[in-house]
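# Overview (structure and organization)
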Amino acid sequence: MKINRTTQLLAAAVLGVALAGVGVAGPALADDDPDNGIDVSVTIEPNTTPGQVSMTVADNGGVSLKEDGSNATARQFVGTLPTVTVTDTRRPEEIPAGEFWAVVGQASEFTATSGSVPPIGPQYLGWRPRMLSDSSSGAVAAGEPVSSVISDGSGAPTVGLKGQELLVSTANSADEIGTWQVNAGLALRTPADVAAGEYHSTLTLSLFNQS
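These notes cover the structure that comes with them. Keep in mind the model is a prediction, meaning the values are calculated, not measured. (Residues numbered from 1 in each chain as written. Predicted model: local features only at pLDDT ≥ 70, side-chain atom pairs only at ≥ 80, totals over all residues. Heavy atoms only, no water.)

### Structural notes on the overall build of the protein
Just so we agree on the cut-off: Secondary structure counts use DSSP, requiring at least four H or I residues in a row for a helix and at least two E residues in a row for a strand, with both numbered from the N terminus. Think of it in three bands: with a 1.4 Å probe and only protein chains considered, a residue is buried below 20% of the maximum accessible area for its type, exposed above 50%, and partly exposed in between. Residues are treated as being in contact if the distance between any of their heavy atoms lies within 4.5 Å. Residue-level accessible areas treat just the shown protein chains as cover; the underlying method is Shrake-Rupley with a 1.4 Å probe.
Scanning the protein from N- to C-terminus turns up one helix and 12 strands. Listing the helices and strands of the protein from first to last along the sequence gives α-β-β-β-β-β-β-β-β-β-β-β-β. By the burial criterion, 31% of the 211 residues in the protein qualify as buried. Contacts spanning at least 24 positions in sequence make up 79% of the contacts within the protein whose residues lie at least 6 apart. Of the roughly 12700 Å² that the protein leaves accessible, carbon and sulfur atoms contribute 53%.

### Here's the deal with the side chain of Ser173
Its location among the elements puts Ser173 in the loop between strand 9 (165–170) and strand 10 (179–191). Residue Ser173 is classed as buried on the basis of its relative accessible area, which comes to 0%. Beyond its immediate chain neighbours, meaning those up to four positions away, Ser173 contacts Asp88, Arg90, Ile95, Glu99, Phe100, Trp101 and Asn209.

### Description of the side chain of Thr190
Relative to the elements of secondary structure, Thr190 occurs in strand 10. On the basis of relative accessible area, Thr190 is assigned to the buried category, the value being 1%. Beyond its immediate chain neighbours, meaning those up to four positions away, Thr190 contacts Thr73, Ala74, Arg75, Phe77, Ile120, Tyr124 and Ile150.

### Things to note about the environment of Thr85
Quick reminder of the rule: In protein, a polar contact requires one atom able to donate a hydrogen and another able to accept it; more generally it is a pair of N or O atoms within 3.5 Å, and residues adjacent in sequence count only if both atoms are side-chain atoms.
Among the secondary structure elements, Thr85 is positioned in strand 4 (residues 84–88). Relative accessible area serves as the criterion here: at 15%, Thr85 is assigned to the buried category. Sequence-wise, Thr85 and Trp180 are 95 residues apart; in three dimensions their C-alpha atoms are separated by 5.7 Å. Here Thr85 is in contact with Ser54, Met55, Thr56, Thr179, Trp180 and Gln181, once residues within four sequence places are set aside. Looking at Thr85, its side chain comes within polar contact range of the side chain of Gln181, at 3.1 Å.

### Some words on the pairing of strand 10
For clarity, the cut-off: Following DSSP output, two strands are said to pair if at least two bridges run between them.
Sheet topology places strand 3 (residues 74–80) next to strand 10; seven bridges connect them, and they run antiparallel. Residue Ala74 lies in a different strand from strand 10, and its bridge partner there is Pro191. Pairing of strand 4 with strand 10 involves four bridges; the strand directions are antiparallel. Pairing of Thr87 across the sheet is with Thr179, part of strand 10. Where strand 7 (residues 125–131) lies against strand 10, seven bridges are found, and the strand directions are antiparallel. What sits directly across from Arg128, in strand 10, is Gly185.

### Brief notes about the pattern of salt bridges
As a reminder of what qualifies: A pair is scored as a salt bridge if a Lys or Arg side-chain nitrogen falls within 4 Å of a carboxyl oxygen belonging to Asp or Glu.
All told, the structure shown has five salt bridges when counted by the stated rule. As a salt-bridge pair, Asp88 and Arg90 come within 2.9 Å of each other at their nearest N and O atoms. Summarising the burial analysis for this pair, Asp88 and Arg90 share the class buried. Across the pair Glu94 and Arg91 runs a salt bridge, and its minimum N-O distance is 3.4 Å. The class of Arg91 is partly exposed, set by a relative accessible area of 31%. One salt-bridge network, in which partners are shared between bridges, spans Asp88, Arg90 and Glu99.

### Some details on the nonpolar core
In globular proteins that are soluble, nonpolar side chains generally tend to be buried together. Defined as follows: Side-chain atoms within 4.5 Å are what join buried Ala, Val, Leu, Ile, Met, Phe, Trp, Tyr and Cys residues into a set we call a nonpolar core.
Judged by nonpolar contacts, the single largest core of 30 residues is most densely connected at Trp127, Leu167 and Val168. Put simply, the parts of the chain that give this core at least two residues each are strand 3, strand 4, strand 5 (100–107), strand 7, strand 9 and strand 10. Per-element accounting of this core gives the leading share, five residues, to strand 10. Look past the residues within four positions of Leu167 in its chain and what remains in contact with it is Leu81, Val84, Val103, Val104, Trp127, Pro129, Ala142, Gly143, Val182, Asn183, Ala184 and Leu205.

Here it is, written out as structure tokens:
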């Protein structure tokens, strides 16, 4: 109702200006009339919708790895994982004691579009997770990097993404509630004599929430 009264005041002011040239006074406004006040009320019920932990991946057309960093020992192809967002909308009282969540990734074989070319195993694909948003408590952290079975020289475990590897996690969900973003640098390191061809793999991300 406050908006309607403001509209009336503006209209009256315009009318008063328009008629001032002909000596006609504008209408009087009863600003202090209590009958013009309207009580506005609302009843807000408790929020009964439980919160949840969820994961989304930024829109993407896939990751196309490009050759960079090859040497006599290995050929290397690199790219960047699309941004992954984890959101926890639960209230503290909804989180069981000791519960934690984690996002893990695992790759399939790189199969060539030509059936005569042997596949490249997922153990040749490594990654280096990195947080894109701050953790207010430090409780949410990116996973440790893993290298291809052909070492990248960083000292990271040379296991690749053949098994499930950690992208991001929290040790205790109750320590921090919110939204976090993470991605990862990807590096496929193959033998130097790898067969030429176009290869495709599927990198599957999974969110686990457990106690």
